[in-house]
Amino acid sequence: MLGISAAMHLLVDGLCVCCLYLMADASGLGGFAGVFLTYNILAFMTQPFTGILVDKVERRHWVLLASMALLAVAVLTASMVVAAGTVIWGMLAVAVLLGFGNSLFHVWGGKQVIVTHGNDMPALGLFVSTGALGLSLGVVFYSWLLLQAFLLALCLLALAYVSMDDRNDRSDRSGGVEVASRYGRGFVLVSMAALVAFVLFRSFSGEMFSSGAGVDKTQMVVLLMGAVAMLGKMAGGWLAKWFGIVPSMVVVLVLVAVCFVIGGSNLAILLIGIFMVNCTMPITLYLANVVLAGREGLAFGILAAALIPGYLLAVF
């Protein structure tokens with residue numbers, strides 16, 4: 001079930017970026033920056049709200065199916081918009097559909113993995129990791145055929161997941177500790193603020209490494225960066241489980257700082273920086289789920305929303 005969730009994550013992110021790039025090609029990029037920004041804001045900044053929804057929904061699989069429906073309608077709308085001559089309002093409609101569909105899927109998947117695997121860091125790392133590779137595949141190989149293949153595979157996997165896991169859909173088996181009741185609301189607020197600040201830093205750092213100003217962004221480099229980011233997220237959960245959270249974070253942050261100082265246009269150093277900064281993702285998710293035990297959807301959504309300010313800071 002975890003493997004299916006991770007595969008769907010790859011497909012969702014690949015589908016979204018593939019759809020956006022196809023519209024960008026057809027429109028000649030005119031006005032597309034606003035469309036892309038709209039998508040990113042909706043896909044990430046709405047996740048705290050979808051997290052609250054997912055925490056309250058008794059049958060979470062309806063959230064997954066709603067996400068699939070939104071993404072399917074987005075693909076259909078995109079083809080109609082391009083056929084009609086890429087009307088800007090149509091492109092914005094597609095961005096809205098993709099954004100909400102993406103938001104629902106990510107929070108559903110995060111919640112589902114957390115409650116069915118006891119807030120296990122390696123499991124969290126596997127689920128969140130594949131999106132990076134999906135993005136790079138969509139950027140490099142985007143085409144209408146690939147978009148349709150992504151959508152078909154996504155729908156089939158979603159239906160398979162629902163049919164296989166229907167008996168467990170109502171079951172919450174979180175391994176988190178109810179810290180709020182032990183230490184009080186103030187501790188929860190301070191802890192979440194610290195995690196949000198760290199995720200903002202991670203997003204900023206990751207974008208700075210990925211932008212690689214002095215590196216020629218060939219298709220191979222884009223794919224390599226996506227694969228390295230994926231491996232970093234996978235490895236981070238295991239490193240923290242084997243060596244402990246604090247030692248792992250100290251080593252990772254030291255190496256990230258070193259890569260910042262000597263990175264420049266050295267591709268190998270940038271790749272090491274991407275790997276290291278992504279190692280922290282399952283750790284911060286684990287900690288957020290401990291602090292907000294029982295509200296895993298909200299915890300996942302808050303940290304996802306924190307990615308956008310860091311990303312925008314690095315871009316602008």
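A quick note: this is a predicted structure, and the numbers were derived from the prediction, not measured.

What to know about the overall build of the protein
Here is step 1: Looking only at helices and strands, the protein has 15 helices and zero strands in total.
Here is step 2: Relative to its length of 316 residues, the protein is compact, with a C-alpha radius of gyration of 19 Å against a globular reference of 20 Å.
Here is step 3: Principal axes of the C-alpha set define a box for the protein whose edges measure 60 × 50 × 30 Å.
Here is step 4: Taken across its 316 residues, the protein has 51% of its residues classed as buried.
Here is step 5: Sequence-distant contacts in the protein: of pairs separated by 6 or more residues, those separated by 24 or more amount to 87%.
Here is step 6: Surface exposure of the protein reaches about 13400 Å², of which carbon and sulfur atoms provide 73%.
Here is step 7: The averaged location of the 13 negative side-chain charges in the protein is 7 Å from the averaged location of its 14 positive side-chain charges.

Some details on the confidence of the model for the protein
Here is step 1: A residue-level look at the protein finds 91% of positions with pLDDT of 70 or above and a mean pLDDT of 87.
Here is step 2: Predicted confidence is poor over residues 173-177, with pLDDT under 50, and the contacts of this stretch with residues over four places away or in other chains come to 14 contacts.

Concerning the layout of surface pockets
Here is step 1: As a volume, the largest pocket reaches approximately 1500 Å³.
Here is step 2: Lining of the largest pocket is provided by 47 residues; of these, Phe-44, Leu-135, Glu-207, Ser-210 and Tyr-311 occupy positions nearest its centre.
Here is step 3: A breakdown of the residues in the lining of the largest pocket according to their chemical character gives 28 nonpolar, 14 polar and five charged.

Some details on helix 2 (residues 32-45)
Here is step 1: Under the 1.5 Å per step criterion, the end-to-end length of helix 2 is 19 Å for 14 residues, consistent within 8% with the ideal 20 Å.
Here is step 2: Those residues of helix 2 that fall on the buried side of the exposure criterion are Phe-32, Val-35, Tyr-39, Asn-40, Leu-42 and Ala-43.

Some words on the nonpolar core
Here is step 1: Grouped together as the largest cluster of nonpolar side chains are 65 residues, with contacts concentrated most on Met-8, Leu-15 and Leu-98.
Here is step 2: At 14 residues, helix 1 (residues 2-27) tops the list of elements feeding residues into this core.
Here is step 3: Residues Ala-132, Val-215, Ile-274 and Met-276 belong to the second largest nonpolar core, which totals 17 residues.

With respect to the packing of aromatic side chains
Here is step 1: If you walk through the whole model with that rule in mind, you get eight aromatic pairs.
Here is step 2: With centroids separated by 5.8 Å and ring planes inclined at 40°, the aromatic side chains of Phe-105 and Trp-108 adopt a geometry described as tilted. Of this pair, Phe-105 and Trp-108 both sit in helix 5 (residues 88-116), three residues apart, which is roughly one turn of that helix. This pair shows no difference in class: Phe-105 is buried, exactly as Trp-108 is.
Here is step 3: Taking the centre distance of 6.5 Å and the plane angle of 55° together, the rings of Phe-127 and Phe-300 count as tilted. Taken together, the residues Phe-127 in helix 6 (residues 121-141) and Phe-300 in helix 14 (residues 296-305) connect sequence positions 173 residues apart. Each member of the pair, Phe-127 together with Phe-300, is buried.
Here is step 4: Here the aromatic cluster, defined as three or more aromatic residues joined through ring pairs, consists of Phe-105, Trp-108, Phe-127, Tyr-161 and Phe-300.

Notes on the environment of Phe-36
Here is step 1: Along the chain, Phe-36 turns up in helix 2.
Here is step 2: Ignoring any residue separated from it by four or fewer positions in sequence, one finds Phe-36 in contact with Leu-20 and Tyr-311.

Regarding unusual backbone geometry
Here is step 1: A positive phi angle, near 55°, is found at Asn-119, a position not held by glycine.
Here is step 2: Relative to the assigned elements, Asn-119 resides in the loop between helix 5 and helix 6.
Here is step 3: Given the relative accessible area of 3%, Asn-119 is considered buried.

Structural notes on the packing of helix 1 against helix 6
Here is step 1: For the pair helix 1 and helix 6, interaxial distance at closest approach is 7 Å and the crossing angle is 30°. Judged by the inter-axis angle, helix 1 sits roughly parallel to helix 6. Of the two possible hands of crossing, helix 1 and helix 6 adopt the one that is right-handed. Contacts from Leu-2, Ser-5, Ala-6, His-9, Leu-10, Asp-13, Gly-14, Val-17, Cys-18 and Tyr-21 of helix 1 reach helix 6 at Ala-123, Leu-126, Phe-127, Val-128, Thr-130, Gly-131, Leu-133, Gly-134, Leu-135, Leu-137, Gly-138 and Val-139.
Here is step 2: Partitioned by chemical class, the residues of the contact of helix 1 with helix 6 number 14 nonpolar, seven polar and one charged.

The rules we used
- Residues numbered from 1 in each chain as written.
- Predicted model: local features only at pLDDT ≥ 70, side-chain atom pairs only at ≥ 80, totals over all residues.
- Heavy atoms only, no water.
- Helix = DSSP H or I, 4+ residues; strand = E, 2+ residues; numbered from the N terminus.
- Rg over C-alpha atoms; globule rule 2.2 N^0.38 Å.
- Buried < 20%, exposed > 50% of the residue type's maximum accessible area, 1.4 Å probe, protein only.
- Contact = heavy atoms within 4.5 Å.
- Areas by Shrake-Rupley, 256 points an atom, 1.4 Å probe, with all protein chains shown as cover.
- Lys, Arg positive; Asp, Glu negative; His and termini not counted.
- Charge placed at Lys NZ, Arg CZ, Asp CG, Glu CD.
- pLDDT = per-residue confidence, 0-100.
- 1 Å grid on protein atoms, 1.4 Å probe; cavity = no way out; pocket = protein on both sides within 12 Å on 5 of 7 lines; lining within 4 Å.
- Points joined across faces, edges and corners; volume = space filled by probe spheres on them.
- Nonpolar A, V, L, I, M, F, W, Y, C, P; charged D, E, K, R; others polar.
- Expected span 1.5 Å × (residues − 1).
- Core = buried A, V, L, I, M, F, W, Y, C linked by side-chain atoms within 4.5 Å.
- Phe/Tyr/Trp six-rings, centres within 6.5 Å; stacked < 30°, edge-to-face > 60°.
- Axes fitted to C-alpha atoms, helices over the stretch in contact; angles between N-to-C directions.
- Parallel < 35°, antiparallel > 145°, perpendicular 65-115°, else oblique.
- Left-handed = near helix turned anticlockwise from the far one by under 90°.

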